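Take a look at the letters that make up each chain.
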Amino acid sequence: MSTTTEPRVIRVALAGCGVVGAALVRLLRDEGPRIEAVHGVRLEVTRILVRDVERPRPAPLRHSLLTADVDAFLAADADLVVEAMGGLDPALRIARATLAAGRRFVTANKALVAAHGAELAAIARRTGAGFDFEAAVGGGVPVVRALREALAGAGVRAVRGILNGTSNFILTRVSEGMTYDAALADAQRAGFAEADPSRDLDGRDAADKAAILAWLAFGLDPARAQVERRGILPDPDRLARDAAAFGGVPRLIAECVERPGGIAVVVEPVVVTRDSLFGATRDEENAIVVETRWNGRIRLAGPGAGGPPTASALLGDMIHPAPRVPACGGPEDSAPVLAVPDDRSHRWIVSVLGESPDSADSRGILAAAGIGIDEWHRGGRELRIRTAPCPREAIARAVAGLEAAGGKPRLARYEGTC
Ligand code: NAP
Ligand code: HSE
């Protein structure tokens, strides 16, 4: 008597065959036999949506699978739709139609999940469809499933991390002397950057991911997260020099933290020591720390961008039994979880250009805003100050004063051993 069982066949329609989609097709070829043997699942791609069907694809696929017609794509014979296209149109239309038809929808698109995740989750709950987005946050780092499942009972108090591989790659490289332009070009060539890289550089990509984590950890509707956001622009090399003056390195850090009355979500450059967890997170790696009431501090780290890690996260969702679809907060009639400003005090590093030699003006402006100075350095015409802890409004007032005085101030939070 044979003990073998037939694998469960899952027919897959894939929207997008660029960096991530093409890597997924390659992974399906290379990992398919192992997945069938271990998980008893055979994945068969039945349709692929692209913009240009004639463009060469770095993936082993039959040309006849390709279409540029969204309606033809939606009519494909498929149990599961994977979206690796990006943007909201036609991704949102595909997501709504897939979930409304009770089919499973798996996406890498953080912009889509941040803007419409709660709506899509509501459709999925109504129709019983699966809605998964591990690849949308952390690239290959399994933080979405950790928050949705393993840490669901841990009493999360805060989630903080490096969530954008491109900006981390640039900050790592400029700290080692590479020019910003060369570092950005390398990140784009490696497939880490968004189609519109300004989303990486100005912090929008990290803000979308932070909003998704705030949803999973605290039930805050990601579309209402009100993220306080500053990216690494306009001059990441200056951020690196400012950090080095205080013995650190800059990192773009996203945070979702419980505060009185709600959840504060922040994305901004932070100066950390080189040997801290975030300081040691190099290039396109991501690192995330989840602080919990009952399970201490959980640290997750690994490749945060690029085709193969992201495709492996998609593939994990595709073969995993669909988990509980996340809700927003408690029962439908309970008060929503609110977004609140970050009311904590922090140390800050402020640098000012073109200072007069005695630097009294800038330090006077900080003092007038009620901000103490822990340490300061002068290098040429650059003055760099590390402040005593003070609230965000105070430092914002001081920066406005420095701007008005023509000092072209640059601000980073100082955390040291974060
Ligand atoms: P990409 O290389 O630009 O690929 C996008 C793909 O979608 C291309 O195949 C493109 O077709 C297709 N496409 C785009 N707009 C379309 C439209 N209107 N109609 C039909 N096809 C369309 O992007 P990617 O880097 O693979 O990223 C895809 C998604 O994954 C994005 O949401 C991104 O944020 C997310 N993501 C990316 C990474 C990463 O490291 N790259 C990591 C995690 C998540 P053509 O090829 O014909 O132009
Ligand atoms: N552009 C994104 C990044 C891709 O650099 O992190 C991974 O989401």
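Only a predicted model underlies this, so the values are computations on that prediction, with no experimental measurement involved.

Draft legend 1. Quick look at the pairing of strand β7 (residues 156–162). Of all seven residues in β7, six are buried; the element is thus mostly enclosed. Looking at chain direction, β7 and strand β9 (residues 248–259) are connected through four bridges and run antiparallel. Paired with Ala158 across the strands is Val257, a residue of β9.

Draft legend 2. Representation of the site of ligand 2 in the model. Not every one of the 13 residues close to ligand 2 is listed here, only the nearest: Lys110, Gly165, Thr166, Glu194 and Asp200. Note that an oxygen atom of ligand 2 is positioned 2.7 Å from one of the backbone N or O atoms of Gly165. Compared with its free state, where it exposes 250 Å², ligand 2 has 93% of that area covered by protein. Its atoms largely coinciding with the cavity grid, ligand 2 occupies the largest pocket. When contributions to the shell around ligand 2 are tallied by element, the ones reaching two or more residues are α6 (165–175) and α9 (204–218). By residue class, the composition of the shell around ligand 2 is four nonpolar, four polar and five charged.

Draft legend 3. Spatial organisation of the layout of surface pockets. Its volume calculated, the largest pocket comes out at about 1200 Å³. Lining the largest pocket are 47 residues, with Gly18, Ala84, Met85, Gly86 and Ala195 sitting closest to its centre. Listing elements by their share of the lining of the largest pocket, those giving two or more residues are α1 (19–39), α4 (110–127), α6, α8 (198–201) and α9. In terms of residues, the lining of the largest pocket owes the most to one element, α9, which gives three residues. Of the domains in this structure, domain 1 (8–136) and domain 2 (143–305) are the two that each give at least three residues to the lining of the largest pocket. Contributing to the lining of the second largest pocket are 30 residues, with Glu228, Arg230, Glu268, Arg392 and Leu411 lying nearest its centre. Within the lining of the second largest pocket, the residues separate by chemical class into 17 nonpolar, two polar and 11 charged.

Draft legend 4. Seen up close, the site of ligand 1. Taken together, 25 residues lie near ligand 1, and Asp52, Arg57, Lys110, Glu194 and Gly306 sit nearest. Gly86 places a main-chain nitrogen or oxygen 3.5 Å from an oxygen atom of ligand 1. Between an oxygen atom of ligand 1 and a main-chain N or O atom of Gly306, the distance comes to 2.6 Å. Notes on ligand 1: free accessible area 900 Å², of which the protein chains cover 88%. The cavity that encloses ligand 1 is the largest pocket.

Draft legend 5. Focus on the pairing of strand β1 (residues 8–15). Alignment of β1 against strand β2 (residues 41–49), held across eight bridges, turns out to be parallel. Bridging across to β2, Leu14 finds its partner in Ile48. Both β1 and strand β4 (residues 80–83) contribute to a ladder of four bridges, which runs parallel. The residue of β4 that forms the bridge with Ala13 is Val81.

Rules used in this analysis
Residues numbered from 1 in each chain as written. Chains lettered and ligands numbered in written order. Predicted model: local features only at pLDDT ≥ 70, side-chain atom pairs only at ≥ 80, totals over all residues. Heavy atoms only, no water. Buried < 20%, exposed > 50% of the residue type's maximum accessible area, 1.4 Å probe, protein only. Helix = DSSP H or I, 4+ residues; strand = E, 2+ residues; numbered from the N terminus. Pairing = 2+ DSSP bridges. Near = heavy atom within 4 Å. Polar contact = N/O pair within 3.5 Å; in protein donor to acceptor, adjacent residues only side chain to side chain. Areas by Shrake-Rupley, 256 points an atom, 1.4 Å probe, with all protein chains shown as cover. 1 Å grid on protein atoms, 1.4 Å probe; cavity = no way out; pocket = protein on both sides within 12 Å on 5 of 7 lines; lining within 4 Å. Sits in = over half its atoms within 2 Å of the grid points. Nonpolar A, V, L, I, M, F, W, Y, C, P; charged D, E, K, R; others polar. Points joined across faces, edges and corners; volume = space filled by probe spheres on them. Domains from an automatic or database assignment.

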